[in-house]
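# Tertiary structure, described
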Amino acid sequence: FDIYAAPIMSRNDRLTGIALVLHDITELKKLEQVRKDFVANVSHELKTPVTSIKGFSETLLDGAMETAPLREKFLNIIYKESERLQGLIHDLLELSRIEQQYFELNWQPTNVERVIEDVIVILKEKAEEKGISLLLHTQGDSQMEGDPERMKQIVINLVNNAITYTPDGGQIDLFLHGKESAVELLVQDTGVGISEKEIPRIFERFYRVDRARSRNSGGTGLGLAIVKHLVEAHHGSIHVTSKPGEGTCFSLTFPRTQEEEQSV
Ligand code: ADP
């Protein structure tokens, strides 16, 4: 609490009371902590690949260049780390753009089924490499008011995660259900799952259940934070149910039109 005190004087300068103002700054302190953690996380996440790129280039310049297998190995690491850095910068810029107060969606009639079909084309190869089947089940009409590019970004992030966190040979089912005043999408996988304790945290920026696995798969820890913002910008909602070792299901609901937003 911030406390302010001021005397209350009568006309003849006699003290008649004291005015106390108690200002609850818990929320402010919390926000300040979130900001500090964010800056510390960003610094750490940026430093790691840069240190590695610098170290391996130095080793190459110091003579490792002469040995062909080492040259190839180190250059591959440098390339991978630069890619990770690029992904991180992209996601950071994206998140900061979305979090701006004046961020606006490019509202258009959007066919969610078409959006999902585009995403499947993009991610099919990655799924096939792991022998994962990616299936879309559609029921009803999925036409809604939305931003097709942003909807695509939402689905790419969720399906990409589903592929990453599902072992080889698994299955990902997308259930698209056009209801009367809402469009519902379920992204269900047969992956590693998320424990009940971790579920509320996965939408936080940089939160990862398994840091090493996420890193190795090129994850930045920002994907779900971006997804949550974009779903909310559409006035939709997102929920997760999961069983460790069995799989995870992300369920999303969007109002079909923005007048219907209140009733979803
Ligand atoms: P990342 O880039 O690490 O994937 P995200 O913000 O997309 O970051 O996800 C945050 C964390 O949530 C992941 O690191 C992972 O631990 C967990 N997660 C997300 N999607 C799934 C999923 N389908 N199955 C299991 N865990 C998941």
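Heads up: the structure comes first, above all this text.
Keep in mind it's a predicted model, so treat the numbers as computed, not measured.

## Examining the site of the ligand
Every one of the 21 residues lining the ligand counts as a neighbour, but Asn161, Tyr165, Ser214, Thr220 and Leu224 are closest to it. In this structure, an oxygen atom belonging to the ligand sits 2.8 Å away from a side-chain N or O atom of Tyr165. At a separation of 2.8 Å, an oxygen atom of the ligand approaches a polar backbone atom of Gly221. When the ligand is considered free in solution it has 530 Å² of accessible area, and contact with the protein chains removes 96% of it. Looking at side-chain class alone, the shell around the ligand contains 10 nonpolar, eight polar and three charged residues.

## Focus on helix H1 (residues 26-61)
End to end, H1 covers 52 Å across 36 residues, agreeing with the expected 52 Å (1.5 Å per residue, within 8%). Turning to H1, its buried residues number three or more, namely Val42, Glu45, Pro49, Ser52, Ile53 and Leu60. Buried residues along H1 sit in contact with helix H2 (68-99) and helix H5 (211-216). Just past H1, the residue Gly63 takes up positive phi, approximately 135°.

## A few points about the pattern of salt bridges
This structure, assessed with the given rule, holds 12 salt bridges. Among the ionic pairs, Arg256 bridges to Asp141, the shortest N-O distance being 3.8 Å. Taken as a pair, Arg256 in the segment after strand E9 (247-255) and Asp141 in the loop between strand E4 (133-139) and strand E5 (143-146) lie far apart in primary sequence, 115 residues in all.

## A short note on the nonpolar core
One finds Ile116, Ile154, Leu158, Val159, Val187, Phe250 and Leu252 to be the most contacted residues of the largest nonpolar core, which totals 47 residues. Breaking this core down by element, the ones donating at least two residues are H2, helix H3 (112-129), helix H4 (148-164), strand E6 (171-178), strand E7 (182-189), helix H6 (223-233), strand E8 (237-243) and E9. The contact partners of Val187, leaving out residues within four places of it in the chain, are Leu158, Val159, Ala162, Ile172, Asp173, Leu174, Thr248, Cys249 and Phe250.

## Observations regarding the packing of aromatic side chains
Under the counting rule described, the total for this entry stands at three aromatic pairs. Ring geometry for Phe56 against Phe74: centres 4.9 Å apart, planes inclined by 55°, an arrangement best described as tilted. You can see Phe56 sitting in helix H1 and its partner Phe74 sitting in helix H2, a full 18 residues away along the chain. By relative accessible area, Phe56 is classed as partly exposed at 24%. Here Phe203 and Phe250 contribute two aromatic rings whose centre-to-centre distance is 6.4 Å and whose plane-to-plane angle is 85°, an arrangement assigned as edge-to-face. With Phe203 in the loop between E7 and H5 and Phe250 in strand E9, the pair connects residues that are 47 residues apart, well separated along the chain. Take Phe203: its relative accessible area is 15%, and that puts it in the buried class.

## Side note on the sheet that holds E7
Reading across from one edge, E4-E6-E7-E9-E8 is the order of the five strands in this open sheet, with mixed pairing throughout. Of all the strands in the sheet, just E4 and E8 have a single pairing partner and so form its edges. The sheet shows a mean angle of 10° between the axes of neighbouring strands, direction not considered. Where E8 lies against E9, seven bridges are found, and the strand directions are antiparallel. Considered in E9, the bridge of Thr241 is made with Cys249.

## What about the side chain of Ser242?
Relative to the assigned elements, Ser242 resides in strand E8. Here Gly247 takes part through its backbone oxygen, which lies 3.1 Å from a polar atom of the side chain of Ser242. Among the polar contacts listed, one links the side chain of Ser242 to the side chain of Thr248, at a separation of 2.9 Å. Sequence-distant contacts of Ser242, that is, excluding residues within four places in its chain, are made with Gly193, Ile194, Ile199, Gly247 and Thr248.

Rules used throughout
Residues numbered from 1 in each chain as written. Predicted model: local features only at pLDDT ≥ 70, side-chain atom pairs only at ≥ 80, totals over all residues. Heavy atoms only, no water. Near = heavy atom within 4 Å. Polar contact = N/O pair within 3.5 Å; in protein donor to acceptor, adjacent residues only side chain to side chain. Areas by Shrake-Rupley, 256 points an atom, 1.4 Å probe, with all protein chains shown as cover. Nonpolar A, V, L, I, M, F, W, Y, C, P; charged D, E, K, R; others polar. Helix = DSSP H or I, 4+ residues; strand = E, 2+ residues; numbered from the N terminus. Expected span 1.5 Å × (residues − 1). Buried < 20%, exposed > 50% of the residue type's maximum accessible area, 1.4 Å probe, protein only. Contact = heavy atoms within 4.5 Å. Salt bridge = Lys/Arg side-chain N within 4 Å of Asp/Glu carboxyl O. Core = buried A, V, L, I, M, F, W, Y, C linked by side-chain atoms within 4.5 Å. Phe/Tyr/Trp six-rings, centres within 6.5 Å; stacked < 30°, edge-to-face > 60°. Pairing = 2+ DSSP bridges. Axes fitted to C-alpha atoms, helices over the stretch in contact; angles between N-to-C directions.

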